Amino acid sequence: MGSSCMHAFAVIGIVCTAAISLAILLFVWRLVKVYVLARPLKLHADLKEMGSWAVVTALKVSCHVTKATDGIGKQYALHLAELGLNIVLVGRSPEKLKATEDEVRARGNVQVKTVVVDCSGGREIYADVERELSELEIGVLVNNVGMAYPGLYSDFLAISRDYHADMINVNNLSYVMMTHIVLPQMISRKRGTIVNISSDSARVPYPFLATYSATKAFVDFLTRSLETELQGTGVIIQGVLPGFVATKMSLEDVSFYCPSASVYVRSALTTIGVQSRTSGYLVHALQVLLMKIVPDFVVFKFIKLEMEKRMSHPKLT
Ligand SMILES: NC(=O)c1ccc[n+]([C@@H]2O[C@H](COP(=O)([O-])OP(=O)(O)OC[C@H]3O[C@@H](n4cnc5c(N)ncnc54)[C@H](OP(=O)(O)O)[C@@H]3O)[C@@H](O)[C@H]2O)c1
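Not measured: the values here are computed from a predicted model.

1. So, the overall build of the protein chain
No. 1: The helix and strand inventory of the protein chain stands at nine helices and nine strands.
No. 2: Computed over its C-alpha atoms, the radius of gyration of the protein chain comes to 21 Å, within 12% of the 20 Å expected for a compact globule of 317 residues.
No. 3: Projecting the C-alpha coordinates of the protein chain onto the three principal axes gives extents of approximately 80 × 45 × 35 Å.
No. 4: By residue count, 38% of the 317 residues in the protein chain fall in the buried class.
No. 5: Partitioning the contacts of the protein chain with sequence separation of at least 6, the portion at a separation of at least 24 is 73%.

2. A closer look at the nonpolar core
No. 1: With 67 residues, the main nonpolar core has A54, V55, V56, A77, L80 and I87 as its most contacted residues.
No. 2: Discounting residues that sit within four places of it in the chain, V55 has contacts with V88, V90, L133, I138, L141 and V182.

3. Some remarks on the domain arrangement of the protein chain
No. 1: Domain annotation for the protein chain reports domain 1 (1-37) and domain 2 (48-312).
No. 2: A C-alpha centroid distance of 36 Å is found between domain 1 and domain 2.
No. 3: Listed by partner, the interface residues are five residues for domain 1 and seven residues for domain 2.
No. 4: When the residues that make up the side of domain 1 that touches domain 2 are grouped by side-chain class, the tally is four nonpolar, no polar and one charged.

4. Details of the pairing of strand 8 (residues 235-240)
Put simply, side chains in a regular strand alternate between the two faces of the sheet.
No. 1: Of all six residues that make up strand 8, six are buried, and the element is covered over most of its length.
No. 2: Here strand 8 shows a buried face lined by V235, I237 and G239 and a second buried face lined by I236, Q238 and V240.
No. 3: In terms of strand pairing, strand 7 (residues 192-197) meets strand 8 through six bridges, oriented parallel. By the bridge assignment, T193 is partnered in strand 8 with I236.
No. 4: The parallel pair strand 7 and strand 8 is bridged by helix 6 (residues 210-229), and the resulting crossover is right-handed.
No. 5: Where strand 8 and strand 9 (residues 277-278) come together, two bridges link them in parallel fashion. Residue pairing across strands places V240 opposite T278, the latter belonging to strand 9.

5. Thoughts on the environment of I303
No. 1: The topology assignment puts I303 in helix 9 (residues 296-312).
No. 2: Separated by 34 residues in sequence, I303 and L269 place their C-alpha atoms 29 Å apart.

6. Topic: the sheet that holds strand 1 (residues 53-57)
What holds strands together in a sheet is hydrogen bonding between their backbones, with the strands either parallel or antiparallel.
No. 1: Judged by pairing direction, the sheet is parallel, and its seven strands sit side by side in the order 5-4-1-6-7-8-9 without closing on themselves. Whereas interior strands pair on both sides, the edge strands pair on one side only; in this sheet they are strand 5 (112-116) and strand 9.
No. 2: The pairing of strand 1 with strand 6 (residues 138-143) spans four bridges and is classified as parallel. Bridge assignment links W53 to a residue of strand 6, and that residue is I138.

7. Observations regarding unusual backbone geometry
No. 1: Residues other than glycine seldom take positive phi values, yet K42 does so here, at roughly 50 degrees.
No. 2: Within the element layout of this structure, K42 appears in the loop between helix 1 (2-37) and strand 1.
No. 3: You can call K42 exposed: it has 11 C-beta atoms within 10 Å.
No. 4: Here L251, not a glycine, exhibits a phi torsion of approximately 60 degrees, which is positive.

8. A look at the UniProt feature "transmembrane region" (unreviewed entry) in the protein chain
No. 1: The UniProt record marks residues 6-32 with the feature "transmembrane region" (unreviewed entry), using the residue numbering of this structure.
No. 2: Along residues 6-32, the helical share is 100% and the strand share 0%, with 39 Å between the first and last C-alpha atoms.

9. Some details on the packing of helix 2 (residues 72-82) against helix 3 (residues 94-108)
No. 1: The contact between helix 2 and helix 3 brings their axes to 7 Å, and the two run at 30 degrees. Taken together, helix 2 and helix 3 sit at an angle that is classed as roughly parallel. Considering the relative orientation of helix 2 and helix 3, their crossing is right-handed. Side by side, helix 2 and helix 3 meet where K74, A77, L78, A81 and E82 of the first sit next to T100, V104, R107 and G108 of the second.
No. 2: Considered class by class, the residues forming the contact of helix 2 with helix 3 number four nonpolar, two polar and three charged.

10. Notes on the confidence of the model for the protein chain
No. 1: Averaged over every residue, the pLDDT of the protein chain is 91; residues scoring 70 or more account for 94%.
No. 2: pLDDT under 50 marks residues 62-67. Its contacts with residues more than four places away, or in other chains, come to 11 contacts.

11. A few points about the environment of N143
No. 1: With respect to the element layout, N143 can be found in strand 6.
No. 2: Judged by the 30 C-beta atoms lying within 10 Å of it, N143 falls in the buried class.
No. 3: Separated by 87 residues in sequence, N143 and V56 place their C-alpha atoms 6.3 Å apart.
No. 4: Beyond its immediate sequence surroundings of up to four residues, N143 is in contact with T57, S174, Y175, M178, T179, I194, V195, N196 and I197.

So, how was this worked out
Residues numbered from 1 in each chain as written. Predicted model: local features only at pLDDT ≥ 70, side-chain atom pairs only at ≥ 80, totals over all residues. Helix = DSSP H or I, 4+ residues; strand = E, 2+ residues; numbered from the N terminus. Rg over C-alpha atoms; globule rule 2.2 N^0.38 Å. Buried ≥ 20, exposed ≤ 12 C-beta atoms within 10 Å, placed from the backbone. Contact = placed C-beta atoms within 7 Å. Core = buried A, V, L, I, M, F, W, Y, C linked by C-beta atoms within 7 Å. Domains from an automatic or database assignment. Nonpolar A, V, L, I, M, F, W, Y, C, P; charged D, E, K, R; others polar. Pairing = 2+ DSSP bridges. Right-handed = clockwise from strand over helix to strand, strands pointing away. UniProt positions renumbered as here; feature names shortened; annotations may be inferred. Axes fitted to C-alpha atoms, helices over the stretch in contact; angles between N-to-C directions. Parallel < 35°, antiparallel > 145°, perpendicular 65-115°, else oblique. Left-handed = near helix turned anticlockwise from the far one by under 90°. pLDDT = per-residue confidence, 0-100.

Pasting the structure below:
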């Protein structure tokens, strides 16, 4: 009885060790495939084949701490123009759009069109956007527009109801509406790519970032649901969940774990067609691995402590 019990424990131990080793090996293989092999072996999607135009929502050149830093959207626009795609820049500020337009055009010798829209509006604002896009063959849509709390972290009640509502319109309604506008033509052409920018804060609940974190979880679920729904249509939909990227929104400087928007987007672009839900950047993927290994209650406690620390030393622009 005693020895058969020992034998059973030994078998369970071997099976568990084998399962954990296999899971780690698979994870490492996926990282190597996505972040090391995808670019040289051209495993990623050929975005130029998707259609002649790419639409990117929001594209800031932001004044970040001491220097000007590009937002993630502008870098998508520049990199897609480099690939030879004509670009539609969607943003709320005509001046910022104008400033970016020439740079994007010069980068790829491509056509650039701008659409001025404030995404904090409701569904009525999208009739104009649809009209502006109606004649274009849209191969790529990057839903990037995003709004966080002022100063990044805040008590829920310190943010006005209007601000919470605007955040939901900007971070969620715009993603649904823009996808609804471009998807029919992509499906009828049997090709196209939609990239939805979510956030690492969609993976676990973030105190002091509650509405933002919830809106990013919405984007994550929307993308994952549509990914399954669109299988077989030829349309790729990808959810991108970045950790910190050095932009005005994050209020972080470039560091080992916080790349510039340019470095981040260059990496994220090679994951399209390889990973449907991605961190977009190797160091961020390793942070996710760490979060998976550590029990949830430890992760939640760590995040809460970290947020409280950041709340007491807010970096304001
Ligand atoms: N940076 C990070 O660490 C990080 C991490 C995870 C996820 N993300 C996500 O990445 C995306 C890009 O953010 P970012 O870091 O590049 O920050 P960013 O530079 O602040 O970009 C946000 C963009 O959204 C635009 N926007 C905000 N409200 C708008 C509105 N009502 N109508 C139209 N446009 C509006 C901003 O336009 P204006 O220029 O006019 O303000 C800006 O171009 C966001 O979805 C964000 O949630 C960022």
